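Fold and geometry: a report
Single-letter residue listing:
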Amino acid sequence: MKAMEMLIEEGYDGKVEVLASLAVLPMLLRQSGDSGQTELDLINEGVGKVTVSPYLRGKKIFVLSPKAFWILIKEHPRLREISETAESRHYLIEGKVAPLLFDKNASILMDWKK
């Protein structure tokens, strides 16, 4: 919630994307108070869906505004045939994309040392 408030202070609306590392997931599955809800439930209700990403290392949560996040196409998608049988053909769609965050104030990385 604090990260969302910080993004609103920077002029972004309250719509955010939340990525969490696998290591922080046990922290999010703990019960919060007497409500019986987990931290993850509370975040899902207040912010939206949390995506668990294997690409974040350590105990990290990454919060960003989608309005400042673009996809950079490094190599346009192309279709490549990978196999063929008497009944079917199998194709692979490949290309290269990269995230492009054009405002450093539109993302917050939370990192737990222990």
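What counts, and where the lines are drawn
- For every chain, the first residue of the written sequence is number 1, and numbering continues from 1 onward in sequence order.
- Per-residue local features are limited, in this predicted model, to residues with pLDDT of at least 70; the limit for side-chain atom pairs, both in listing and counting, is 80 or more; totals at the level of whole chains, interfaces and linings are taken over all residues.
- Calculation of side-chain values draws on the structure's entire complement of heavy atoms; hydrogens and water are dropped beforehand.
- By nonpolar core is meant a set of buried Ala, Val, Leu, Ile, Met, Phe, Trp, Tyr and Cys residues that side-chain atoms within 4.5 Å join together.
- For every residue, the accessible area obtained with a 1.4 Å probe (protein chains only) is divided by the maximum for its type, and the residue is called buried under 20%, exposed over 50%, and partly exposed between those limits.
- Here a helix means four or more residues in a row that DSSP labels H or I, a strand means two or more in a row labelled E, and each is numbered from the N terminus.
- In this description, contact between two residues means that some pair of their heavy atoms is separated by no more than 4.5 Å.
- Pairing between strands requires that DSSP locate at least two bridges from one strand to the other.
- When a carboxyl oxygen of Asp or Glu is within 4 Å of a side-chain nitrogen of Lys or Arg, the pair counts as a salt bridge.

Some points on the nonpolar core
- Among the nonpolar cores identified, the biggest contains 15 residues, and Val16, Val18, Ala20, Val24, Leu28, Ile61 and Val63 are the most heavily contacted of them.
- Going through the elements one at a time, helix H1 (2-9), strand E1 (17-21), helix H2 (25-28) and strand E3 (59-64) are the ones with two or more residues in this core.
- The element contributing the most residues to this core is H1, with 3 residues.
- Val24 has contacts with Lys59, Lys60, Ile61 and Trp112, leaving out every residue within four places of it along the chain.

A few points about the pairing of E1
- Sheet analysis places E1 next to E3, joined by 4 bridges and oriented antiparallel. Bridge assignment links Ala20 to a residue of E3, and that residue is Ile61.
- In this structure, E1 lies alongside strand E2 (residues 50-53), joined through 4 bridges in parallel fashion. Considered in E2, the bridge of Ser21 is made with Ser53.

Some thoughts on the pattern of salt bridges
- Tallied over the entire structure, the rule returns 4 salt bridges.
- Residue Arg78 pairs with Glu75 through a salt bridge whose shortest N-O separation is 2.3 Å.
- On the basis of relative accessibility, which here comes to 42%, the residue Arg78 falls in the partly exposed class.
- Note that Arg78 is salt-bridged to Glu94, the shortest N-O span being 3.3 Å. Taken together, the residues span a long stretch of sequence, with Arg78 in strand E4 (residues 69-84) and Glu94 in strand E5 (residues 89-101) at a distance of 16 residues.
- A cluster of three or more residues bridged by salt bridges with shared partners is formed by Glu75, Arg78, Arg80 and Glu94.

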